[in-house]
Amino acid sequence: MKANLQIGRIGGIPLQFHWTFVLVLLWLVFDSWQPSAGLDWGNFFWLLSWVALVFVAVLAHEMGHAFMGKRMGVQTEKIVLYPIGGGAFLNEIPDDTRKEMWIALAGPGTNLLIALAMLPLLWWGDSRAVDVLSAFVHPTGNYFLAGVNHTTYLLAVFFSLNVLLGVFNLLPAFPLDGGRILRAVLNRHYPRTRATIMAASWGIGWALLLLALGFYQQDVFFALGALLILALAMMEIQVQLRRQRLEVATVKDVMQTQFPVFQLHIGLRLADLRVAVPSNPNTPILLTDAWRQPHGVTSAATLHDKELDNYLDDDMLSILGHAQWEGILPNDTLLVAAEKMEHTNLSAFVVLDHYGRIHGLLPLSTVEEIMHGK
């Protein structure tokens, strides 16, 4: 089952719904079900109109990020809508703090501009719209809302949603947009990783404050939103701490300089190589071609895999096929190695200099251990 369902494109950007939207539909049915009469379609479509307005406002927010990103030279891979909000997945986070601030501001800015454009319509349109807005602001007040036109009511709802999304996302609580703006400001005075940790720490503080407010107001959804911000901020701090560990170490600090090397040649069988490899199953093994250039990296565990038992008498060159390896420089940081790891299924990198001279091997397991503080 795919995680996201693509429903089209807006401005060339794929628009997707996360599969958890099924939970929203289940909630709509549950809330509209009458044990004695079955599904109350009137209530169902009324709730559905609310849900639709929420996600139109969220979509406008994310499109604001995407279009500003495009203006700043940053492409958006996709926009995904979730039951609890949405996300515009940019291909990169710009190093230019000014660009990052504009992209972050564009989301809540779009919502606030929509609300500003609607204000004359609500104020000078149906006079009951002001009553609806007053009831939203003071839900326990004495407001007579019976007979309000459905269109007027929904316009007031959409106005309120855009104001709420715009203002709430400007809170300096990473990963909200305000927190990203705070990170961009801090990044002018601190390294990127340090600035992100500081902004995420503010996010934790704001999340705890919002959580307390949610409990005080006995608002479950508000409290859940605060918990989500808290969880995302804590996860971001963990990611950045890992990044710090990888930034301070270089490849040459942890690479293996002692490792077995086998030169491939016609007639070298898998059975011959199995006999010659070291006993340690996880030791990385470098395979080279006739010119002693890298052809691939393997291990005793891989060569002894039972799935290869039927190829014992086959030539290793025919088993391996074309060369498959990835190089990395000795002075590269382990952060570079970690980023390369995301795009490869190899077990180790070949460490070589600009002249192509081999200096060692960097097992990916070593990078993962340092990443997790082991």
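This section reports on the structure supplied with the text. In this text, all values refer to a predicted model and were calculated from it rather than measured experimentally.

## Examining the overall build of the protein
Per the secondary structure count, the protein includes 14 helices and 12 strands. The globule rule puts the C-alpha radius of gyration for 374 residues at 21 Å, and the 28 Å found for the protein is more than 25% above it. When its C-alpha atoms are laid out on the principal axes, the protein stretches across 90 × 55 × 40 Å. Per-residue burial over the protein gives 41% buried out of 374 residues. Contacts spanning at least 24 positions in sequence make up 60% of the contacts within the protein whose residues lie at least 6 apart.

## A look at unusual backbone geometry
Going from Phe 174 to Pro 175, the amide bond is cis rather than trans, its omega being 15°. By the secondary structure assignment, Pro 175 is in the loop between helix H5 (150-169) and helix H6 (177-186). The phi angle at Arg 292 is positive, at roughly 60°, despite the residue not being glycine. Secondary-structure assignment places Arg 292 in the loop between strand S8 (284-288) and strand S9 (294-299). Taking the relative accessible area as the measure of exposure, Arg 292 reaches 55% and is therefore exposed.

## Structural notes on the packing of helix H1 (residues 21-32) against helix H2 (residues 41-71)
For any two helices packed against each other, the geometry is given by the interaxial angle and the distance between the axes. The interhelical angle for the contact between H1 and H2, taken along N-to-C directions, is 150°, at an axis separation of 8 Å. The angle between H1 and H2 falls in the class roughly antiparallel. In this structure, the crossing between H1 and H2 has a hand that is right-handed. In this structure, H1 contributes Phe 21, Val 24, Trp 27, Leu 28, Val 29, Asp 31 and Ser 32 to the contact, and H2 contributes Asn 43, Phe 44, Leu 47, Leu 48, Val 51 and Phe 55. Its residues placed into classes, the contact of H1 with H2 shows 10 nonpolar, 2 polar and 1 charged.

## Description of the sheet that holds strand S2 (residues 13-18)
The 4 strands are arranged S1-S2-S5-S6 in an open sheet whose pairing can be described as mixed. A single partner strand is all that each edge strand has here, and the edge strands are strand S1 (4-10) and strand S6 (85-90). Strand-to-strand, the axes of this sheet are offset by a mean angle of 25°, without reference to chain direction. For S1 and S2, the ladder comprises 6 bridges, and the chain directions are antiparallel.

## Here we look at the sheet that holds S9
Read from one edge to the other, the open sheet built from 3 strands follows the order S7-S8-S9, with strand pairing classed as mixed. Only two strands of the sheet have a single partner each, and these edge strands are strand S7 (261-263) and S9. Taking each pair of neighbouring strands and ignoring which way they run, the sheet shows an average axis angle of 25°. Across 3 bridges, S7 lies against S8 in parallel orientation. Of the residues in S8, the one forming a bridge with Val 261 is Leu 286.

## Considerations on a nonpolar patch on the surface
Among the surface-exposed residues, Trp 102, Leu 105, Leu 112, Val 163, Val 167 and Leu 170 lie close enough to one another that they form a single nonpolar patch of about 470 Å² accessible area. Going through the elements one at a time, helix H3 (97-124) and H5 are the ones with two or more residues in the nonpolar patch. Top element by residues in the nonpolar patch is H3. It accounts for 3 residues. Take Leu 112: it is sitting in helix H3. Classification of Leu 112 as partly exposed rests on a relative accessible area of 32%.

Cut-offs and rules
Residues numbered from 1 in each chain as written. Predicted model: local features only at pLDDT ≥ 70, side-chain atom pairs only at ≥ 80, totals over all residues. Heavy atoms only, no water. Helix = DSSP H or I, 4+ residues; strand = E, 2+ residues; numbered from the N terminus. Rg over C-alpha atoms; globule rule 2.2 N^0.38 Å. Buried < 20%, exposed > 50% of the residue type's maximum accessible area, 1.4 Å probe, protein only. Contact = heavy atoms within 4.5 Å. Axes fitted to C-alpha atoms, helices over the stretch in contact; angles between N-to-C directions. Parallel < 35°, antiparallel > 145°, perpendicular 65-115°, else oblique. Left-handed = near helix turned anticlockwise from the far one by under 90°. Nonpolar A, V, L, I, M, F, W, Y, C, P; charged D, E, K, R; others polar. Pairing = 2+ DSSP bridges. Patch = residues over 30% accessible without salt bridge, like charges linked within 9 Å, V, L, I, M, F, W, Y side chains within 5 Å. Areas by Shrake-Rupley, 256 points an atom, 1.4 Å probe, with all protein chains shown as cover. Salt bridge = Lys/Arg side-chain N within 4 Å of Asp/Glu carboxyl O.

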